[in-house]
Amino acid sequence: MTSPNSSHASSEGASGAGGRVGAVLTEMIPQQPPSALSAPSGAGSDDTLGIIVVDERLTVLEADLAGTWLDGVVDGSGARATDLFPTEDAAAIAARVERVLATGRPLLARVQRMIRPDGTPAVVSLSVLPAAPGRVVISLIDVSAQLDVFAASSTLGTSLEIETTARQLAEGLLPWGDAVTVSLAQCLWSGDLPDRTEPRCRAAYARAGNRPWPRGFLRLGERLPDLPAHPASDTTGHPGVTVLPDRAAIERALGDDPDLIQALVPDHGPLAVAFAPLTVPDADRRQRVLGTVAVWRREDNPRGAFDGDDQLAVQELAFRAAMNLEHGRRHQREHRQVLALQRRLRPPHSPSRAMHTAGAYRPAAPDSAGLGGDWMDVIGLSGGRIALVIGDAVGHGLAAAAVMGTLRQAAQTLAAADHPPVEVMTHLDTLVGSLHATAETDGELGAAAAALGTTCCYAVYDPAARRLTVVSAGHLPPVLVHPDGAAELLAPPLHPPLGTAREEPYEALEVTAEPGALIGLYTDGLVEHPGRDLDDGMTALLEALSWHYATGDLSAVVGPVVDHVTGPPPQHDDLTLLLARMDGLPAADMPALRLPAGDLTAVARARAWTGARTAEWGIADPHGRSALVVSELVTNALRFGTGDPVTLRLLHLSDRLICEVTGPSHGRPRAARPAVSETSGRGLLVVQHTSAAWGTRLGETAGERTVWAQLAVTGRQL
């Protein structure tokens, strides 16, 4: 019989059993790095501690434990196998041996704790296999390193925050060193891809024990200094691990620069370091460097010098962290896009003191997956009128957002052209049908579904006429709150969503909007919730707007209204709410003058009247711009009209002055550059160059047309 601590090969039966154990464990515990990794030299060494042969009393008959930390633990003839394990586990080990002896069936890959001779804990994979009658073979494989890698890997990927991933990587690599530093490209926080010149900053630092921060050592958030040819500045994207085995090699790599050494080396004594780049493949299948990780190991570290297995662990964790950092970078990019889109969704400040607006948009989730097709807008029109638009494209994600952006831009363009509300909705309906057909032809089913079925509500408020015109395409009805606080749902004529088959033309609802009245436009995400009836949501909205109507500042109202109507989270759909208080204009700020067609003094009267009105408002006009614009508009209307009287109206909107001339017209005037020999036709060119904007729109009665020009008022001066 051989000695229990003999180093020669075991018996044939034991060797065969060990081979069976190794084959099974190879399938259960991966011994190779992921395919994206390249194994360092010397990595993948056998972690098998050895095998022992025991009888039914757990007496060691043969053993092969040489060259491992178990060598010498079982010493002397008649030693018991339970001496290898903690005392409290002896009964469990004996039970496993008895079970194999009784059944003849092996027990494979049982996790078992052990204590190394230096007192550090270890974890092994223990297998018990039947051998000769009355004997079993116990195979031991050290899986501590694999479990360390697994434990560190399990913490990675739990967050998309860049700082969190860096910290998790640094803390996860501490079992392989005394200090770990992670440095990342600064552009990751903005979601951009780093290039070869992208500066890096210290993103994470972890150190074993509770030692203070090293003096002069680069702190978190500080940029790395310009480095010489050093692994920390390597941008080649080579995925391997670089080891600098001693302090002399580290200082040589840093050009023997004392400032760099103090800033980048976390200890003043002997130490080694293993660097690994954090790389991900780009579209050209080249490795793009996101940063670097450095594992520092002091001379007295129990692990000794960095070996192949250490490098493999660092490389694998660096690979996993880099992939998660890339996910985090993309999340940051999408989050930034969502925020930019949300900022664009916020209604602009009201273009007129005749109306005050406030809005709220809340996506269902903070990333692009929760982004829906809701949009809202406030558009200034001629004559001091204001258009309110709200819509909802079907679905979520970028396809819905793309449809929303197209429709929002189209609505702005149509409104700016002074199309009546029913014509605006008709054009939007045609556009949605075209978007749907194009998306289906191109095979973009998501975009096609988002376009078809889009709902929209378009409302125009005329402060001079105190009139609100509303047209809807499948959208939920607006809420009108009267000056006394009573709230009601408006009922514009019913029409299907945009892009669906329509048999009837769009029709609009016109209601009187008294000064101080409030209108609320919203999307279905505000009032629809699983488990609650739609009518209950509408009732809650009416109650909330009625309660908060008296609050002067609408921006302080919109949030509480949304919170009251939606209730507790979670939110299942994105929601939009647009509130507008219609304050109107006083009669003194929109005077009008009727001018007969045959009156030769009409133009002079118009100029004098305009000067008197601007003086009353305290608006200085040192260059006579208002008189010039009014002269040209009135002259054009009288000369090319039908011989009927025309009406001049001024609108004082604090930051601008609008001049309008309305009368019968045979056509739409346009500015055109006349020939040199022509003596007329320059009036509208003068208006175009003098005013901030000008245009035409149809009048209130058939055959009428209004030509208007807008002058900017800055510091109470034109």
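Everything quoted here is computed from the prediction, not taken from an experiment.

S.K.: So what exactly am I meant to see when it comes to the overall build of the protein chain here?
M.R.: Of regular secondary structure, the protein chain possesses 16 helices and 25 strands. Going through the 718 residues of the protein chain one by one, you find that 48% of them count as buried. Considering only contacts within the protein chain whose residues lie at least 6 apart along the sequence, 65% involve residues at least 24 apart. Working note: accessible area of the protein chain is about 32,700 Å², and carbon and sulfur atoms make up 53% of it.

S.K.: So what exactly am I meant to see when it comes to the packing of aromatic side chains here?
M.R.: Think of a pair of aromatic rings as described by two things: how far the centres are apart, and how the planes are tilted against each other in angle. In the structure shown here, the tally under the stated rule is two aromatic pairs. Ring centres of Phe 275 and Trp 296 lie 6.0 Å apart, and the angle between their planes is 75 degrees; on these two criteria the pair is classed as edge-to-face. Linking Phe 275 in strand 9 (residues 271-281) with Trp 296 in strand 10 (residues 287-298), this pair joins segments that are 21 residues apart in sequence. In this structure Phe 275 comes out as buried when scored by relative accessible area, which is 5%.

S.K.: Please explain helix 14 (residues 602-616) as it appears in this structure.
M.R.: Along an α-helix, a turn takes 3.6 residues, which lines up residues three or four apart on a common side. Between its first and last C-alpha atoms helix 14 spans 21 Å; for 15 residues at 1.5 Å apiece the expected length is 21 Å, and the two agree. Within helix 14 the residues assigned to the buried category are Ala 602, Ala 606, Trp 609, Thr 610, Arg 613 and Thr 614. Down the axis of helix 14, the smallest arc covering the buried residues is 130 degrees, so these residues share one side. Of the exposed residues in helix 14, the ones pointing more than 90 degrees away from its buried face are Ala 608 and Ala 615. Those residues of helix 14 hidden inside the fold are in contact with strand 21 (592-595), helix 15 (625-640), strand 22 (646-652) and strand 23 (656-664). Once helix 14 finishes, Gly 618 follows within two positions and takes phi at roughly 75 degrees, a positive value.

S.K.: How should I be thinking about the sheet that holds strand 6 (residues 179-185) in this particular structure?
M.R.: Within a sheet, adjacent strands bond to each other through the backbone by hydrogen bonds, running parallel or antiparallel. Pairing in this open sheet of five strands is antiparallel, and the strands run 7-6-10-9-8 from one edge to the other. The sheet is open, and its two edges are formed by strand 7 (200-207) and strand 8 (242-244), each paired on a single side. Direction aside, neighbouring strands of the sheet carry axes that sit 20 degrees apart on average.

S.K.: Looking at this model, I keep getting lost on helix 15. Mind explaining?
M.R.: Its 16 residues give helix 15 an end-to-end C-alpha distance of 23 Å, which sits within 8% of 22 Å, the value for a rise of 1.5 Å per residue. Three or more residues of helix 15 are buried, namely Ser 626, Val 629, Val 630, Ser 631, Leu 633, Val 634, Asn 636 and Ala 637. The inward-facing, buried residues of helix 15 contact strand 21, helix 14, strand 22, strand 23, helix 16 (683-690) and strand 25 (704-712).

S.K.: For this particular structure, what's the right way to read the environment of Ala 185?
M.R.: With respect to the helices and strands, Ala 185 occurs in strand 6. Given a relative accessible area of 2%, Ala 185 falls into the buried group. With 105 residues separating them in the primary sequence, Ala 185 and Leu 290 have C-alpha atoms 5.7 Å apart. Apart from residues lying up to four places away in sequence, Ala 185 is in contact with Pro 194, Glu 198, Pro 199, Arg 200 and Leu 290.

S.K.: Got a minute to help me understand the pairing of strand 22 in this structure?
M.R.: Two faces, one strand: in a regular strand the side chains alternate between the faces of the sheet. Counting buried positions over the seven residues of strand 22 gives six, a clear majority of the element. In terms of strand pairing, strand 21 meets strand 22 through four bridges, oriented antiparallel. Along strand 22, the bridge assignment pairs Ala 592 with Arg 649. With six bridges joining them, strand 22 and strand 23 adopt antiparallel strand pairing. Residue pairing in the sheet places His 652 in a bridge with Leu 657 of strand 23. Linking strand 22 to strand 23, which pair antiparallel, is a turn of three residues; within it Ser 654 sits at a positive phi near 65 degrees.

S.K.: How should I be thinking about the packing of helix 14 against helix 15 in this particular structure?
M.R.: The description of two packed helices rests on the angle between their axes and on the distance between the axes. In the contact formed by helix 14 and helix 15, the axes pass within 9 Å of each other and the chain directions differ by 145 degrees. For the element pair helix 14 and helix 15, the recorded crossing hand is right-handed. Across the interface between the two elements, Ala 602, Val 603, Ala 606, Arg 607, Thr 610 and Thr 614 from helix 14 touch Ser 626, Ala 627, Val 630, Ser 631, Val 634, Thr 635 and Leu 638 from helix 15. Looking at the contact of helix 14 with helix 15 residue by residue, the classes come out as seven nonpolar, five polar and one charged.

S.K.: I would appreciate a short explanation of the sheet that holds strand 17 (residues 487-489) in the present structure.
M.R.: What the five strands build is an open sheet, ordered 11-20-19-16-17; its pairing is antiparallel. Because the sheet does not close on itself, it has two edges, and the strands there are strand 11 (355-362) and strand 17. Each neighbouring strand pair of the sheet contributes to a mean axis angle of 15 degrees, computed without reference to strand direction. Note: strand 16 (residues 479-481) against strand 17, three bridges, orientation antiparallel. The partner of Leu 480 across the bridge, within strand 17, is Glu 488. Running at roughly 145 degrees to strand 17, helix 12 (residues 534-547) makes contact with strand 16, strand 17, strand 19 (517-522) and strand 20 (575-582) of the sheet.

S.K.: Before we go on, may I ask you to explain the nonpolar core in this structure?
M.R.: Generally speaking, nonpolar side chains in soluble globular proteins are found buried as a group. Judged by nonpolar contacts, the single largest core of 35 residues is most densely connected at Leu 169, Leu 173, Val 182, Leu 184, Leu 278, Val 293 and Leu 317. Elements with a minimum of two residues in this core: helix 3 (144-155), helix 4 (162-172), strand 6, strand 7, strand 9, strand 10 and helix 7 (308-345). Sort the elements by how many residues they give to this core and helix 7 lands first, with seven residues. Once you skip the residues sitting within four places of it in the chain, Val 182 turns out to touch Ala 166, Leu 169, Ala 170, Cys 201, Arg 202, Ala 203, Ala 204, Leu 278, Thr 292 and Val 293. With 26 residues, the next largest nonpolar core counts Trp 375, Ala 410, Ala 411 and Val 471 among its residues.

S.K.: Which parts of the structure should I look at to understand unusual backbone geometry?
M.R.: Leaving glycine out, the prevailing phi sign among residues is negative, and the prevailing peptide bond configuration is trans. Even without being glycine, Leu 58 reaches a positive phi, approximately 65 degrees. With respect to the helices and strands, the residue Leu 58 is situated in the loop between strand 1 (48-55) and strand 2 (60-64). With a phi close to 55 degrees, Asp 256 is a non-glycine residue in the positive phi region. Considering the arrangement of structural elements, one finds Asp 256 in the loop between helix 5 (247-253) and helix 6 (258-264).

S.K.: Help me understand the pattern of salt bridges, please; the structure alone is not making it clear to me.
M.R.: Between side chains of opposite charge, a pair can form as their charged atoms come close. Counting across every chain of the model gives 22 salt bridges. Here Arg 57 makes a salt bridge to Asp 55, at a shortest N to O gap of 3.7 Å. We classify Asp 55 as buried; its relative accessible area is 10%. Several salt bridges share partner residues, and in doing so they unite Asp 55, Glu 56 and Arg 57 into one network.

S.K.: Whenever I open this one, the confidence of the model for the protein chain confuses me. Can you help?
M.R.: Segments scoring low in pLDDT should not have their predicted coordinates read at a detailed level. For the protein chain, mean pLDDT is 81; residues scoring 70 or higher make up 83% of the total. Across the protein chain, element-level confidence peaks in strand 15 (residues 467-473) with a mean pLDDT of 96 and bottoms out in helix 1 (residues 12-28) with 40.

S.K.: Could you clarify how one ought to interpret the packing of helix 15 against helix 16 in this entry?
M.R.: Between helix 15 and helix 16, the shortest axis-to-axis distance is 9 Å and the interhelical angle comes to 150 degrees. With respect to their mutual orientation, helix 15 and helix 16 come out roughly antiparallel. Our pair here, helix 15 against helix 16, has a crossing hand that is left-handed. In contact with Arg 625, Leu 628, Val 629, Glu 632, Leu 633 and Asn 636 of helix 15, helix 16 contributes Gly 683, Leu 684, Val 686, Val 687 and Thr 690.

What counts as what
Residues numbered from 1 in each chain as written. Predicted model: local features only at pLDDT ≥ 70, side-chain atom pairs only at ≥ 80, totals over all residues. Heavy atoms only, no water. Helix = DSSP H or I, 4+ residues; strand = E, 2+ residues; numbered from the N terminus. Buried < 20%, exposed > 50% of the residue type's maximum accessible area, 1.4 Å probe, protein only. Contact = heavy atoms within 4.5 Å. Areas by Shrake-Rupley, 256 points an atom, 1.4 Å probe, with all protein chains shown as cover. Phe/Tyr/Trp six-rings, centres within 6.5 Å; stacked < 30°, edge-to-face > 60°. Expected span 1.5 Å × (residues − 1). Arc of directions from axis to C-beta. Pairing = 2+ DSSP bridges. Axes fitted to C-alpha atoms, helices over the stretch in contact; angles between N-to-C directions. Left-handed = near helix turned anticlockwise from the far one by under 90°. Nonpolar A, V, L, I, M, F, W, Y, C, P; charged D, E, K, R; others polar. Core = buried A, V, L, I, M, F, W, Y, C linked by side-chain atoms within 4.5 Å. Salt bridge = Lys/Arg side-chain N within 4 Å of Asp/Glu carboxyl O. pLDDT = per-residue confidence, 0-100. Parallel < 35°, antiparallel > 145°, perpendicular 65-115°, else oblique.

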